[in-house]
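As a plain string of letters, each chain reads:
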Amino acid sequence: MTTALIERFYDNLELNHNIQYISMGVIEMINKSSNAELVNTMASLSVVTQSLRNGGDALMEGVLFALAQHPSLARKHQRRFAQSDHESLCVVLASREDLHVDVESVLLQSQYTEVATALASNSKLSTEGMERLLEGHEAQIIAHVAMNTAYFEMFFKRNPKKLGSNPTLNTAMFEQLLALNDADIDLALAANVSLPQNIADRLYNRGNAEVLTRLARNAATQKCLLERLFEKAFLHESLAKNPLLDEQMIYRLRRSTNTGVLEALAANEATPLDLLYEFLLDMHLEPIVRQNSALNTKYQR
């Protein structure tokens, strides 16, 4: 059955021939498919229902996870999956970017702490869900919930340090936190993935070495500030870890004799393919490059 499904529905089968004969091929088919009808038909199969109820082998477990995280999985199936009491599967559902209140309401009944933690870390958590989980999961909620004025005012009093890492802060919220002039809050702000340029500049001017390190690693830090950070040699290793570092700066860092800088470049997915190949020739760096997922991705391109 899986062979027939793959042969009919796998996109670009000619580029990955024989995948229909691999047991896990059906999982890759689901992961790569944009066919909502196919995904939801598979979610309706009796073998999936049985696996939700009684558990399944490794292949069916993989199918369940692929379906649970697929963006086209219909809400009725998400709700049915959430009722399965399958802990890891419920964590996947609780982490979905399109978390719906109907599915959330089922997951809130879960006995598993990891499911509650995943819900608390989801920016789509409803007000009702937040109220239910706030007592035991305050830190996760503050760091991830989609921020509005009412939430900000409440959390600003409760835990401004954790609030500084929330990626949905607006400019006025960043300003208010920065005005506290607190070292711990500055550290959180410097690592925020939505950090505005003007806030980053003011953090830089405060001169705290640990804050500068976080700015150097932050993918949100703009090139003009990265250039200023590059002037400080002690920040080179942190810069080499920045996942959105441009190629020009990567090649400049490549000239470093600092082992930590080279190791960071070898692990960085932003590092160009020719440099990754070069690092493969170094016995010390070769195992680090092998762990870099960008090696195969860039080779396939």
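For clarity, every value in this text was computed on a predicted model and none was experimentally measured. (Residues numbered from 1 in each chain as written. Predicted model: local features only at pLDDT ≥ 70, side-chain atom pairs only at ≥ 80, totals over all residues. Heavy atoms only, no water.)

Residue placement: leucine 89 occurs in helix 7 (residues 87–94). Between the alpha carbons of leucine 89 and leucine 67 there is a distance of 9.8 Å; along the sequence they are 22 residues apart. With sequence-adjacent residues up to four places away left out, leucine 89 is seen in contact with Leu52, Leu64, Phe65, Ala68, Phe81 and Ser84. (Helix = DSSP H or I, 4+ residues; strand = E, 2+ residues; numbered from the N terminus. Contact = heavy atoms within 4.5 Å.)

The next subject is the packing of helix 16 (residues 209–217) against helix 17 (residues 223–230). Helix-helix packing is characterised by the crossing angle of the two axes and by the distance between the axes. Where helix 16 meets helix 17, the axes come as close as 10 Å, and the angle between the chain directions of the two elements is 130°. One way to sum up the angle between helix 16 and helix 17 is to call them oblique. Every pair of crossing elements has a handedness; the one defined by helix 16 and helix 17 is left-handed. The segment helix 16 lies against helix 17, with Leu212, Leu215 and Ala216 engaging Leu225, Leu226 and Leu229. Each residue belonging to the contact of helix 16 with helix 17 can be placed in one class, and the counts come to six nonpolar, no polar and no charged. (Axes fitted to C-alpha atoms, helices over the stretch in contact; angles between N-to-C directions. Parallel < 35°, antiparallel > 145°, perpendicular 65-115°, else oblique. Left-handed = near helix turned anticlockwise from the far one by under 90°. Nonpolar A, V, L, I, M, F, W, Y, C, P; charged D, E, K, R; others polar.)

If you look at the biggest cluster of nonpolar residues, it comprises 89 residues, and the most contacted ones within it are Phe81, Leu107, Phe155, Leu215 and Leu229. The element that contributes the greatest number of residues to this core is helix 5 (residues 58–69), accounting for six residues. For leucine 229, the residues in contact, after removing those within four places along its chain, are Tyr204, Leu212, Leu215, Ala216, Thr221, Leu235 and Leu239. (Core = buried A, V, L, I, M, F, W, Y, C linked by side-chain atoms within 4.5 Å. Buried < 20%, exposed > 50% of the residue type's maximum accessible area, 1.4 Å probe, protein only.)

On inspection of all chains with the given rule, the structure shows 12 salt bridges. Of the charged contacts in the structure, one is a salt bridge between arginine 96 and aspartate 98, with a shortest N-O distance of 2.8 Å. Given the relative accessible area of 36%, aspartate 98 is considered partly exposed. Salt-bridge contacts for glutamate 210 lead to arginine 214; the nearest nitrogen and oxygen are separated by 4.0 Å. Residue glutamate 210 and its partner arginine 214 are both found in helix 16; the two are separated by four residues, about one turn of the helix. Given a relative accessible area of 45%, glutamate 210 falls into the partly exposed group. According to the relative accessible area criterion, arginine 214 is partly exposed, its value standing at 33%. (Salt bridge = Lys/Arg side-chain N within 4 Å of Asp/Glu carboxyl O.)

With that settled, consider the packing of aromatic side chains. Scanning the model with the defined rule gives two aromatic pairs in all. With 6.2 Å between their ring centres and 45° between their planes, tyrosine 151 and phenylalanine 155 make a pair best called tilted. One end of the pair, tyrosine 151, and the other, phenylalanine 155, are both in helix 11 (residues 149–158), four residues apart, so they sit about a helical turn from each other. In this structure phenylalanine 155 comes out as buried when scored by relative accessible area, which is 0%. For the pair phenylalanine 152 and phenylalanine 156, a centre-to-centre distance of 5.5 Å together with 35° between the ring planes defines the contact as tilted. Of the two residues, phenylalanine 152 and phenylalanine 156 are both situated in helix 11; the distance of four residues between them amounts to about one turn of the helix. Over the ring of tyrosine 204 we find arginine 228; its NZ or CZ atom is 4.6 Å from the centre of that ring. Here the basic side chain of arginine 252 rests over the ring of phenylalanine 230, its NZ or CZ set 4.2 Å away from the ring centre. (Phe/Tyr/Trp six-rings, centres within 6.5 Å; stacked < 30°, edge-to-face > 60°. Lys NZ or Arg CZ within 6 Å of the ring centre and 35° of its normal.)

It is worth spelling out the packing of helix 19 (residues 247–254) against helix 21 (residues 273–280) at this point. Interhelical geometry of helix 19 versus helix 21 gives an angle of 25° and a closest axis separation of 11 Å. The angle between the axes of helix 19 and helix 21 places the two elements in the roughly parallel class. The two elements helix 19 and helix 21 meet at a crossing, and its hand is left-handed. Along the contact surface, helix 19 presents Ile250, Tyr251 and Arg254, while helix 21 presents Asp274, Leu275, Glu278 and Phe279. By residue class, the composition of the contact of helix 19 with helix 21 is four nonpolar, no polar and three charged.

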